[in-house]
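Below, each chain spelled out in residue letters.
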Amino acid sequence: MALERLQALRGMVDLLPQQTMVWQQVEEQARQHFQRAGVGEIRTPLLEATALFARGIGEATDVVGKEMYSFRDRGQRSCTLRPEGTASVVRAAIQHGLLGQGPQRLWYMGPMFRYERPQAGRQRQFHQIGLELLAIANERSDVEAMAMAWDLLDDLGIQGLQLQINTLGTPEDRRCYREQLVGWLEQRMDQLDPDSQQRLATNPLRILDSKNQATQDLLKEAPQLLGTLGKESRGRFERVCQLLQALDIPFVIQPQLVRGLDYYTHTAFEITSDQLGAQATVCGGGRYDGLVAMLGGPPTAGMGWAMGIERLVLLLGQQSRTTAPQVVVLNRGDAAQERALVLARQLRRANLRVELDLSGATFARQFKRADRLGGRLAVIIGEQEAQAGAVKLKWLHQAPHPGSEMSRREEWTVSDRDLCRTVERLLAGEHQAEPTPV
Ligand code: ATP
Ligand code: MG
């Protein structure tokens, strides 16, 4: 009987070394950005009680209604693989009493799970980098948070970005608006797509977010939330816009940008790219002043965002990256192979990128492979060198080394003892430090 071919689940993606190189770069940049901004990392479990998301994201959302990976564990508790980070972070902040300790500036990174239809930039296990600012209510924090997202994407070299912002006002503002909108839409029920018809009863503000083109066209005529804002909310939004201008961050006001739940307040924003097709949003976020109380904590302001790493990596494209080895250690013969293992380790401990050839093939083959890897300097150990406690050094074909054409072809012998120092000097481009040719 043929064995069934085992494959990753649909929408769950392996990242191979070629790809993890890019990911590591993104992760490292994110870490540095947060560190410079005084934001601390928080790591929460991947698995939480289902009730956390039902309350923290809302039963009426697609995420909770259709996309969660929920199951009963062996103790019959309903568990869910986290579909997003905010609810978990807020739960942890409440659970550990962080909110009594003043403002919290937290970030996270890791996998999220949603049962969606997989396509480019949309997976079932995907990854987010996220920021949450808790117990900071003023509008400067909205702008600081947006600037952190913008600058991270900008520093990664992503182009064609657009910041879209809107305000949802206070829950009071939204109640007024919801009434207006529902009234207006009820008269045009027959022009709405089926999904939106259903939302009219459950979550009418989400209709503004519909991806259906006919519905979007219809909505161009609909009353706008900006028009029903109270004076205070309007003033706050204007200050947010002013501050973005002061930071030179370009933005457009997007009245259709909404989040349907009651705990969202004031600023909502997205950063989109014109190069992502249908999955255009790289980063989404906003203020959620009602969430902490909703999850059983003291009334506490909150502002945050999450960006999808897969989409970000798609945008980074296949720019070439420098992970080629600096040194390739070629070796042949029993004693030489043992020396090579020792010396490669020494070079790595000196912080060099070192490829150790383990093939046992002829030197000609090992050289070919070293060139293919894009290595710069070859360390060559044959039986003779191993006996003498020395190695040969030679520039590899692709090395943009500082030496003359002459020295490109030359080999040097150095003792094992001097190896690390000599290699470091050669790679640093101190040509005059080249040892005398043998
Ligand atoms: P979308 O409208 O694309 O479904 P969303 O509103 O569900 O996005 P959020 O919950 O705000 O997304 O998540 C923030 C970011 O996480 C998104 O802007 C996107 O970059 C990323 N993201 C969300 N869902 C997925 C997914 N299934 N696969 C890959 N990335 C995702
Ligand atoms: Mg979604």
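Reading the values: rules and limits
Residues numbered from 1 in each chain as written. Chains lettered and ligands numbered in written order. Predicted model: local features only at pLDDT ≥ 70, side-chain atom pairs only at ≥ 80, totals over all residues. Heavy atoms only, no water. Near = heavy atom within 4 Å. Polar contact = N/O pair within 3.5 Å; in protein donor to acceptor, adjacent residues only side chain to side chain. Areas by Shrake-Rupley, 256 points an atom, 1.4 Å probe, with all protein chains shown as cover. Pairing = 2+ DSSP bridges. Helix = DSSP H or I, 4+ residues; strand = E, 2+ residues; numbered from the N terminus. Contact = heavy atoms within 4.5 Å. Axes fitted to C-alpha atoms, helices over the stretch in contact; angles between N-to-C directions. Buried < 20%, exposed > 50% of the residue type's maximum accessible area, 1.4 Å probe, protein only.

Novice: Would you take a moment to explain the site of ligand 1 for this structure?
Specialist: In the vicinity of ligand 1 lie 14 residues, with R114, E116, R122, Q123 and Q128 positioned nearest. With respect to ligand 1, the side chain of R122 contributes an N or O atom lying 2.8 Å from an oxygen atom. In this structure, an oxygen atom belonging to ligand 1 sits 3.1 Å away from a side-chain N or O atom of K211. About the coverage of ligand 1: the protein hides 84% of its 590 Å² of free accessible area.

Novice: Please clarify how the pairing of strand β4 (residues 78–81) should be interpreted in this entry.
Specialist: Looking down a regular strand, the side chains alternate between one sheet face and the other. Bridging between strand β2 (residues 47–49) and β4 involves three bridges; their strand directions are antiparallel. Its bridge partner being in β4, E48 is matched across the sheet by T80. Two elements, strand β3 (residues 69–72) and β4, share four bridges in a ladder whose sense is antiparallel. The residue bridging F71 from the neighbouring strand is C79, located in β4. From the end of β3 to the start of β4, which pair antiparallel, there are five residues, and Q76 there has a positive phi angle of about 65°.

Novice: I tried to follow the sheet that holds strand β6 (residues 125–134) on my own but got confused; where do I start?
Specialist: Where strands meet in a sheet, backbone hydrogen bonds hold them as pairs that are either parallel or antiparallel. Here eight strands make up an open sheet; going across it, the order is β1-β5-β6-β11-β10-β9-β7-β8 and the pairing mixed. Sheet topology places β1 (40–41) and β8 (251–253) at the edges, where each strand pairs with a single neighbour. Alignment of strand β5 (residues 104–113) against β6, held across ten bridges, turns out to be antiparallel. Residue pairing for β6: M109 is matched across the bridge by I129. Strands in contact with helix α5 (residues 139–155) are β5, β6, β7 (161–167), β9 (265–273), β10 (281–287) and β11 (302–308); relative to β11, the strand with the most contacts, it is inclined by about 15°.

Novice: In this structure, what is going on with the environment of A344? I would like to understand it.
Specialist: Structurally, the position occupied by A344 is in helix α13 (residues 334–349). For A344, a relative accessible area of 0% gives the class buried. Sequence-wise, A344 and T267 are 77 residues apart; in three dimensions their C-alpha atoms are separated by 54 Å. What A344 contacts, discounting residues up to four positions off in sequence, is V329, V354 and L356.

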